[in-house]
Amino acid sequence: MSETSTPGPGHLQLKHHYLGLDPASLKQSLANHLAYTVAKDPLTATERDWFTVTAHALRDRLIERWMETTRTYYRRDAKRVYYLSMEFLLGRALTNSALNMGVHDECCQVLAELGLSLEAIRETESDAALGNGGLGRLAACLLDSMATLRLPGYGYGIRYEYGMFNQHIRDGWQVEHPENWLRYGNPWEFPRPEVLYPVQFGGRVVEYTDAAGRFTSRWVDAETVMAMAYDTPIPGFGTNTVNNLRLWTAKSSRELDLRYFNEGDYIQAVADKNSSENLSRVLYPNDATICGRELRLKQEYFFVAATVQDILRRYLSAHADLRGLPEKVAIHLNDTHPALAIAELMRLLLDQHQLDWAAAWEITVATFSYTNHTLLPEALETWPAPMLERLLPRHLAIIHEINRRFLEQVRHRHPGDMERLRRVSLVAEGDPKRVRMAHLAIVGSHAVNGVAELHSQLLRERVFADFEALYPGRITNITNGITQRRWINQANPALAQVLNAYIGRGWVSDLDRLGELEALADDHAFQAAFAAAKHSNKQRLAGLIRQHLGQEVDPESLFDVQVKRIHEYKRQLLNVLQIITRYNRIRRHPETGWVPRTVIIAGKAAPGYRLAKLIIKLVNDVADVVNNDPAVSDRLRVVFIPNYDVTTAADIIPAADLSEQISTAGTEASGTGNMKLALNGAVTLGTLDGANIEIRAAVGAENFIEFGLDVERAAALAGGGHDPSALAAADGELLEVLEMIGGGYFSPGAPERFRPLLARLLEEGDPYLVLADYRAYLEAQERADVEFRQAQRWNRMAILNVARMGRFSSDRTVREYAERIWGVAPAPHD
Ligand SMILES: *Cc1c(COP(=O)(O)O)cnc(C)c1O
């Protein structure tokens, strides 16, 4: 049967008949969607309607390429990589889609002809904030790079109905508001009611001998929740490749409903339907700490159970033998949150497909890889064995068997070393016993990576040293990156224009091309254009601060930026101590030629993290005093910008002069905010931590302001023999600052307010070494002032930062994953 003579759905294929990308075609699409999608007259259409209309015009063009991409992957039988992440911090999609498809200017033109502006209508789009911070944003950057590199990469995650909370500031305190981001609908997602999988919880394991005489286990009497898919197209830049992000939503199972209907309790059936649908209701808002709630464990399993079924369905639609799985499938675990996928794949291979243990295990290890994201012990995920036993009895049994075989190997290698067995076991002793998800992920993966050189080294030497000895070479490094499509092309059009004018547009898909700026670092015209772009970004941010916060800041002042989650290890508190010190110095010596500064701080605290929330209050209380003191007037301003998310990041980062990356050495795995800021021409003031070290090496030590304890000295101090009270007593300025905070200078009427912060520093051992780094930090800030005063010199430093940041593109990161870990290759169709 020839294809052409066969009637059928194949005839509907749209290949090579893509809708036009020219202004006239776009305009026609807008008119059609206004009428047929939103059913509005131009006279009554709101800006949100126009957003919906523009989004639909773009997505039509995405859909064509998306379907063609999917077909290409099938036709080529390409090896796919599945990126499993509990978080995707995508932000808005409108401008990103227009830019990546190369129709941004055309959209602007067509909208202008209609009396509208893309700038205005894009403001009505909600951020897709399905993540907490760096980990979720990394996942979003990697998706962009996979599509741009035309790699067969699929994102898998959860479609939370409520994403990251909205942060309001009331009386200086953080207040959390639920973020109903789907309220007005989401034009970028496609519900797939037919892509539906059962996910089971509870029940028990029965063991029996099957007809072939095999000893077999089966999981029975479990309750069922259904996982339904929503798909979002992910466009690459300058390519027709459009990949898929598949997010799962929980639906009640029909069987469950029926059972209740038979008992006649209709109301109970409907109420229970809601309770199973709670699974995908809300993102847990914790960053760098684990949350041991049962609902969270259920989310993790719900997500991986649906995903692994979907992956196997796709594989088995084209292949019969599961032994070939690792040749066609790579599954990547973004942190341990999806690590149950290892046990789930084992379960399906053993119980459903009847493979023997050795074959199933070989397939599993060859398929999985895992990225570790943290060095903080409190962030390493463990689950109580009794909770697993209750919810996932078969998985716990499989994990015990993985552990038994693993410990057997260890015992063989290191006879009599009981201490080592205890350290590496997947199950931590104690009451209750706990399953260590990182150990499961390491043992069940063929490759494990850290996210910056220092981080990977510390994983090998400290956190996972026993595993490095058992599996030499398994732990490797792949330094994080960021996509220049979002973080320059979209976020910083002023800089993008200067780059395009001087070195062409090649940098958008090849960030190493920024190296061509080296030759221009001393070119006066270029310097002026570069400085003008930065200045216009600072003016824009000053305008937003005026508009939203009613505060005046001076675009001529040094914009000193610390934007990231609020956490003790990131040391916003150190920044505050410095601000207060500066305030005291200015008041004492008003005549000195101070470099005017605007300190900008933004970030969310986990709702249950008391100290982090108190730090936000302290920033705001200090800002109140400083900003209202005529004695410092225009020399120091402090602004806390509420609700840090991808959109506010894109407003703030292009305007930064100074990038504060001041975590205690050995605590920040990589950081990516540090990369965004340096790439946008901010000079880093930072510790030798995470990727700061590699940024410093890349941009040159003379273009980076370094300070503080290195990882060895920090570990030595934190390990003991360090007396923070003595440090404070010996430093007059520091003592004064601490006394002001403790004496109610910033909290008149509530002198006790900040006691817990002072107790942390002076009585609880100052675990993040704020006081130990205080003096070095002040000196680094003075160096920053000296450099900034020489405008020409500062501008040159900023230019060289941009010129040398090419390596931190997530394109480089993804290429390394593809070649060294996943074994996937580009599968273009254009
Ligand atoms: C990049 C980014 C982060 C990560 O910032 P770090 O400074 O690396 O912690 C967090 N949140 C948002 C919204 C981001 O864009």
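Residues numbered from 1 in each chain as written. Predicted model: local features only at pLDDT ≥ 70, side-chain atom pairs only at ≥ 80, totals over all residues. Heavy atoms only, no water.

Q: Sorry, what's going on with the site of the ligand here?
A: The environment of the ligand is formed by 15 residues, the closest being Lys564, Lys570, Thr672, Gly673 and Lys676. In the environment of the ligand, an oxygen atom lies 2.6 Å from a nitrogen or oxygen atom belonging to the side chain of Lys676. Burial of the ligand by the surrounding chains reaches 96%, relative to a free accessible area of 390 Å². Placement of the ligand is best described as lying within the largest cavity. Of all the secondary structure elements, the ones that give two or more residues to the shell around the ligand are helix H6 (134-148), helix H24 (646-652) and helix H25 (673-679). Residue classes in the shell around the ligand are distributed as five nonpolar, five polar and five charged. (Near = heavy atom within 4 Å. Polar contact = N/O pair within 3.5 Å; in protein donor to acceptor, adjacent residues only side chain to side chain. Areas by Shrake-Rupley, 256 points an atom, 1.4 Å probe, with all protein chains shown as cover. 1 Å grid on protein atoms, 1.4 Å probe; cavity = no way out; pocket = protein on both sides within 12 Å on 5 of 7 lines; lining within 4 Å. Sits in = over half its atoms within 2 Å of the grid points. Helix = DSSP H or I, 4+ residues; strand = E, 2+ residues; numbered from the N terminus. Nonpolar A, V, L, I, M, F, W, Y, C, P; charged D, E, K, R; others polar.)

Q: It is not clear to me how the UniProt feature "modified residue: N6-(pyridoxal phosphate)lysine" (unreviewed entry) in the chain should be interpreted in this structure. Could you clarify?
A: As annotated by UniProt and renumbered to match this structure, "modified residue: N6-(pyridoxal phosphate)lysine" (unreviewed entry) occupies Lys676. Tracing the backbone through its elements, the reader meets Lys676 in helix H25. Setting aside residues no more than four positions away along its own chain, Lys676 makes contact with Arg137, Ile482, Trp487 and Ile653. (UniProt positions renumbered as here; feature names shortened; annotations may be inferred. Contact = heavy atoms within 4.5 Å.)

Q: Would you mind showing me how to read the layout of surface pockets here?
A: It is a probe the size of a water molecule, rolled over the atoms, that shows where empty space is left. When its volume is computed, the largest pocket comes out at roughly 950 Å³. Taken together, 39 residues make up the lining of the largest pocket; nearest its centre are Leu99, His104, Asn489, Gln490 and Pro493. Breaking the lining of the largest pocket down by element, the ones donating at least two residues are helix H3 (94-100), helix H4 (104-113), helix H5 (118-122), helix H19 (484-490), helix H20 (493-503), helix H21 (524-549) and H24. Ranked by the residues each element gives to the lining of the largest pocket, the list is headed by H20, at five residues. For the lining of the largest pocket, a count of residues per class yields 16 nonpolar, 12 polar and 11 charged. The computed volume of the second largest pocket comes to approximately 750 Å³. Along its surface, the second largest pocket is lined by 31 residues, and Arg92, Glu123, Asp645, Thr647 and Thr648 are the ones closest to its centre. Secondary-structure elements contributing two or more residues to the lining of the second largest pocket are H5, H21 and H24. (Points joined across faces, edges and corners; volume = space filled by probe spheres on them.)

Q: What is the right way to read the packing of helix H1 (residues 23-36) against helix H2 (residues 47-76) from this model?
A: The description of two helices packed together rests on the angle between their axes and the distance between the axes. At a closest axis distance of 9 Å, the pairing of H1 and H2 adopts a crossing angle of 125°. Of the possible angle classes, the one that applies to H1 and H2 is oblique. The chirality of how H1 crosses H2 is right-handed. Residue-level inspection shows Ser25, Leu26, Ser29, Leu30, His33 and Leu34 of H1 in contact with H2, the latter providing Trp50, Val53, Thr54, His56, Ala57, Asp60 and Arg61. Here the residues of the contact of H1 with H2 sort into six nonpolar, five polar and two charged. (Axes fitted to C-alpha atoms, helices over the stretch in contact; angles between N-to-C directions. Parallel < 35°, antiparallel > 145°, perpendicular 65-115°, else oblique. Left-handed = near helix turned anticlockwise from the far one by under 90°.)

Q: I tried to follow empty space enclosed by the protein on my own but got confused; where do I start?
A: According to the stated counting rule, one finds seven cavities of 30 Å³ or more in the structure shown. Looking at the largest cavity, it is lined by 49 residues, and the ones nearest its centre are Asn132, Gly133, Gly134, Leu135 and Asp287. No other element matches H6, which puts four residues into the lining of the largest cavity. Residues that form the lining of the largest cavity fall into these classes: 20 nonpolar, 15 polar and 14 charged. Looking at the second largest cavity, its volume works out to about 90 Å³.

Q: Sorry, what's going on with the pairing of strand E13 (residues 368-371) here?
A: One face of the sheet, then the other: side chains in a regular strand alternate in exactly this way. Neither face of E13 is exposed, since Phe368 and Tyr370 on one face and Ser369 and Thr371 on the opposite face are all buried. In terms of strand pairing, strand E12 (residues 329-334) meets E13 through four bridges, oriented parallel. When the bridges of E13 are listed, His332 appears paired with Ser369. Here three bridges tie E13 to strand E17 (residues 447-450), and the two strands are oriented parallel to one another. Bridge pairing in E17 places Ser369 opposite Ala447. (Buried < 20%, exposed > 50% of the residue type's maximum accessible area, 1.4 Å probe, protein only. Pairing = 2+ DSSP bridges.)

Q: Even after reading the chapter, I still don't get the pattern of salt bridges, so can you show me in this structure?
A: Think of it this way: side chains of opposite charge can pair up when their charged atoms draw near. For the coordinates displayed, the defined rule picks out 60 salt bridges. With a closest N to O distance of 3.4 Å, Asp77 and Lys328 form a salt bridge. Of this pair, Asp77 sits in the loop between H2 and strand E1 (80-84) while Lys328 is found in helix H10 (residues 325-328), placing the two residues 251 residues apart along the sequence. On the basis of relative accessibility, which here comes to 23%, the residue Lys328 falls in the partly exposed class. (Salt bridge = Lys/Arg side-chain N within 4 Å of Asp/Glu carboxyl O.)

Q: Just to check I follow, could you spell out the nonpolar core for this structure?
A: Ranked by size, the top nonpolar core spans 186 residues in total, and within it Trp248, Phe406 and Trp822 carry the most contacts. Among the elements that make up this core, the one with the highest residue count is helix H9 (residues 294-316) (11 residues). Core analysis: the next-biggest nonpolar cluster, separate from the first, contains 58 residues, Val576, Ile705, Leu757 and Leu758 among them. (Core = buried A, V, L, I, M, F, W, Y, C linked by side-chain atoms within 4.5 Å.)

Q: Explain the confidence of the model for the chain to me, please; I cannot follow it from the model alone.
A: Predicted coordinates in regions of low pLDDT should not be interpreted in detail. Mean pLDDT over the chain: 95, with 96% of residues reaching 70 or higher. Counted against residues more than four places away or in other chains, residues 1-14, with its pLDDT under 50, gives seven contacts. (pLDDT = per-residue confidence, 0-100.)

Q: Help me out: how do you make sense of the sheet that holds strand E14 (residues 382-384) in this one?
A: Paired through backbone hydrogen bonds, the strands of a sheet run either parallel or antiparallel to each other. The sheet built from three strands is open, its strands ordered E14-E16-E15 with antiparallel pairing. Both outer strands of the open sheet, E14 and strand E15 (427-428), are each paired with one neighbouring strand and no more. Strand direction decides the pairing type here: E14 and strand E16 (residues 434-436), joined by three bridges, are antiparallel. Counterpart to Pro384 in the pairing with E16 is Arg434.

Q: Any chance you could explain the packing of helix H11 (residues 340-352) against helix H12 (residues 357-367) here in plain terms?
A: Interhelical geometry of H11 versus H12 gives an angle of 140° and a closest axis separation of 9 Å. The angle between H11 and H12 falls in the class oblique. Note on packing geometry: the crossing formed by H11 with H12 is right-handed. Judged by residue contacts, Ile342, Leu345, Met346, Leu349 and Leu350 of H11 engage Trp357, Ala360, Trp361, Ile363 and Thr364 from H12. Looking at the contact of H11 with H12 residue by residue, the class counts come to nine nonpolar, one polar and no charged.

Q: Hey, could you run me through the sheet that holds strand E4 (residues 153-158) in this one?
A: Strand order across the open sheet formed by nine strands is E7-E10-E11-E4-E1-E12-E13-E17-E18, with mixed pairing between neighbours. The open sheet has two edge strands with one neighbour each: strand E7 (190-201) and strand E18 (475-477). On average, each strand axis in the sheet is inclined to that of its neighbour by 25°, with strand direction left out of account. Its contacts with the sheet place H11 against E1, E12 and E13, and it is angled at close to 170° to E13.

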